[in-house]
Structures are given as C-alpha cells and as structure tokens.
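One-letter residues, chain by chain:
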Amino acid sequence: MNLFEIQNLNQHYGSFAVLRNLSFAISQGDMFGIIGPNGSGKSTLIRTISGLQPPTSGKVLLMDRPLSSHTSKELARQIAVLEQEGTPALPFTIEQIVSMGRYPWLKPFADLGSHDKAVVENILVKLNLGPKRSQKVSTLSGGQRQLVSLARAMAQEPRILILDEPTTYLDIGHQSLVMDHVRQWHDELGITVIMVLHDLNIAAQYCNRILLLDQGEIVTWGKKEDVLREETLTQVYKTDLVQVHHPKLGVPQFLLSGK
Ligand SMILES: Nc1ncnc2c1ncn2[C@@H]1O[C@H](COP(=O)(O)OP(=O)(O)OP(=O)(O)O)[C@@H](O)[C@H]1O
C-alpha cells in the first residue's frame, strides 16, 4: 500500500524552482532514503512531505488524502520529524526534552501518565541516555543533542519517522547505534522511515528504496540496487567512484577512486 503518493510536486522559493515535477510513492514499511548532492532539494522535499511547507503546486497524498486535509494533531501523532539542526541548545534536561515527544498524545496541559513515563524511560535506557537524564541539553555536544532529538522523536511513537541527516555529527560507533535502533524500531513496530542521507554506504546498508535527486529533479528512484550504480552516482556527484560489494551484507558500497 502507498503511504505517501507525490504527484507532480513543485516547490519554489520566489522565482527559484527548488523541486521540479517530482512524482513518486513511498510504501508502508519502507526504509526510504533520499540522496543527492548539496543543494539538490532533499531537505525541502522532506519539509514538504512532513507538512511543514505547503507545495507551490502538485499533490502530496498521505493515505490517499491530501496532506493539508489532516489536522496538525493527526499529523503529529502520525509523523515525527528530526530536522537537520536537531535539538537547539535549550536550558531543559534530556528527560524533559524526550518527554516533549509525548505532547501530541496528551490532553491540553495534562501531565505525563504512567504509560507516557514508561515510553520515555524505555527510550532513555535504549539510547544510553539514562545516566545523563538530568543534564541540561545546552551542555551537550552536537552529536549528543542529535541522539536526544532522536529519542524525542521516538517518544512520539510515530507511524512515520522522517530524519534529515541523522548521522551528521556522529562518530562511527554512534552512527551504528542510531541506525541500528532506527532499523530495530522499523522491524519491531512496522514504522515507515524516510531519511535524507549523505553517506551512500549507510543508505545501501539500511534502506530498501532510494530516491536520487539532482538540482531539484529526480534522477532515478526505486530499489536500492537499481539506484546505487557507479555510473549514475559518478555522474551526479561529479567525482569518480568505485563500486564494491560489501563482503558480509552483499550490498553495493562506494569508495572514492583516490586519483
Ligand atoms: N528558505 C529558503 N529560501 C530560499 N532558498 C532556499 C531556502 N531554503 C533552501 N533554499 C535553496 O534551495 C536549494 C535546496 O536546498 P535544500 O536545503 O533543500 O537542499 P539539500 O539537498 O537538503 O542540501 P544539503 O545537502 O546541502 O543539506 C538550495 O539552493 C538552497 O539554497
């Protein structure tokens, strides 16, 4: 079943066409990657499909209904978005920030109930944030704040998790931690994950479908094996790449040719 259907989507900033005539679909349960060079429109695309930015023209359908016909509360219960900037350096504790993920499920001005507290606790423990729960977010590093943002997004218990560059500030250990948790949540809870990724090798390891954007247009989209090809990527990223086979996972991986 198509969860999202995007039809002839255009997005303009003034007279500048950032996204041009995009049509594609995201199925329920996809781990859907969006890749492309800097400035190709990836963040604009996910802002549009998460309802943060209405399209200039074209349609974004969520479960066969225009995105704009869903109430903001409905969207907040369905979709959690982790934007590129992550959590700003706020004077709240980690636990307070993660608890904010429960707001779409609470009555106005109500406190967290026992289920809400259990959800928050479970996530703090899973992401190894438990011992630091009382630390102010303003005292954390960029990478630690990114983990807190992910924890808050998961506390929302969304059906759809949208991530803009979730591994940007993370070392390889934390990259694996975050991506493995996202995959585990996907596998266990059946959530659909849509993520912008710069790292083609992470995209190959974690996504089933990928969309490749260049200058606001779709170059190709579909099964990862069909999209992640040496010739296509070398052309789009304007650098020579060498495609190899991951010896354990059997997925394509890409090395810089090192001229
Ligand atoms: N608010 C805005 N006003 C005007 N132009 C914008 C705005 N936001 C983005 N753009 C432009 O739209 C284009 C696409 O930006 P976007 O951030 O969507 O690309 P991206 O693929 O996510 O880039 P990156 O990989 O560098 O994060 C860029 O040329 C950018 O300068």
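Right, let's walk through the structure included here. Everything numeric here is computed off the predicted structure, so don't read it as measured data.

You will see that Asn8, though not glycine, has its phi angle at about 45 degrees, which is positive. If you trace the backbone, Asn8 turns up in strand E1 (residues 2-13). The backbone phi angle of Met63 is positive, close to 50 degrees, even though this residue is not glycine. By the secondary structure assignment, Met63 is in the loop between strand E4 (57-62) and strand E5 (65-66).

We now examine the site of the ligand. Inspection of the region around the ligand gives 13 residues, with Gly39, Gly41, Lys42, Ser43 and Thr44 positioned closest. Side-chain polar atom of Asn38 to an oxygen atom of the ligand: 3.0 Å apart, as the coordinates give it. Here an oxygen atom of the ligand sits 2.9 Å away from a polar atom, N or O, in the main chain of Ser43. Relative to its unbound accessible surface of 640 Å², the ligand loses 60% to contact with the protein.

Attention now goes to the pairing of strand E11 (residues 241-245). Relative to strand E12 (residues 252-256), E11 is paired through five bridges, and the arrangement is antiparallel. Residue pairing for E12: Gln243 is matched across the bridge by Phe254. A loop of six residues connects E11 with E12, the two strands running antiparallel in sequence, and Gly250 in this loop sits at a positive phi of about 70 degrees.

Attention shifts here to the sheet that holds E4. Pairing within the open sheet is antiparallel, and its four strands lie in the order E2-E1-E4-E5. The open sheet is flanked by strand E2 (16-27) and E5, the only strands paired with a single partner. In this structure, E4 lies alongside E5, joined through two bridges in antiparallel fashion. Residue pairing for E5: Leu62 is matched across the bridge by Arg65.

With eight bridges joining them, E1 and E2 adopt antiparallel strand pairing. In the sheet register, Glu5 faces E2, and the bridge partner there is Ala25. Between E1 and E2, which follow one another and run antiparallel, lie two residues, and Gly14 among them has a positive phi close to 60 degrees.

We now examine the side chain of His70. Mapped onto the elements, His70 comes out in the loop between E5 and helix H2 (72-78). Within the structure, His70 has its side chain in polar contact with the side chain of Glu74 (distance 3.3 Å). Contacts of His70, omitting those with residues within four sequence positions, involve Leu62, Met63, Arg65 and Leu75.

Under the counting rule described, the total for this entry stands at eight salt bridges. Its salt-bridge partner being Arg209, residue Asp30 comes within 3.3 Å of it at the nearest N-O pair. Placement of the pair is Asp30 in the loop between E2 and strand E3 (31-35) and Arg209 in strand E9 (residues 209-214), with a sequence separation of 179 residues. You can call Arg209 partly exposed: its relative accessible area is 28%. Of the charged contacts, one joins Asp116 and Arg102 as a salt bridge, the two residues approaching to 2.8 Å between their closest N and O atoms. Of this pair, Asp116 sits in helix H4 (residues 114-126) while Arg102 sits in the loop between helix H3 (94-100) and H4, and the two are 14 residues apart along the sequence. Each member of the pair Asp116 and Arg102 is classed as buried. Here the salt bridges share partners, and the residues they tie into one network are Glu95, Glu121 and Arg133.

The rules we used
- Residues numbered from 1 in each chain as written.
- Predicted model: local features only at pLDDT ≥ 70, side-chain atom pairs only at ≥ 80, totals over all residues.
- Heavy atoms only, no water.
- Helix = DSSP H or I, 4+ residues; strand = E, 2+ residues; numbered from the N terminus.
- Near = heavy atom within 4 Å.
- Polar contact = N/O pair within 3.5 Å; in protein donor to acceptor, adjacent residues only side chain to side chain.
- Areas by Shrake-Rupley, 256 points an atom, 1.4 Å probe, with all protein chains shown as cover.
- Pairing = 2+ DSSP bridges.
- Contact = heavy atoms within 4.5 Å.
- Salt bridge = Lys/Arg side-chain N within 4 Å of Asp/Glu carboxyl O.
- Buried < 20%, exposed > 50% of the residue type's maximum accessible area, 1.4 Å probe, protein only.

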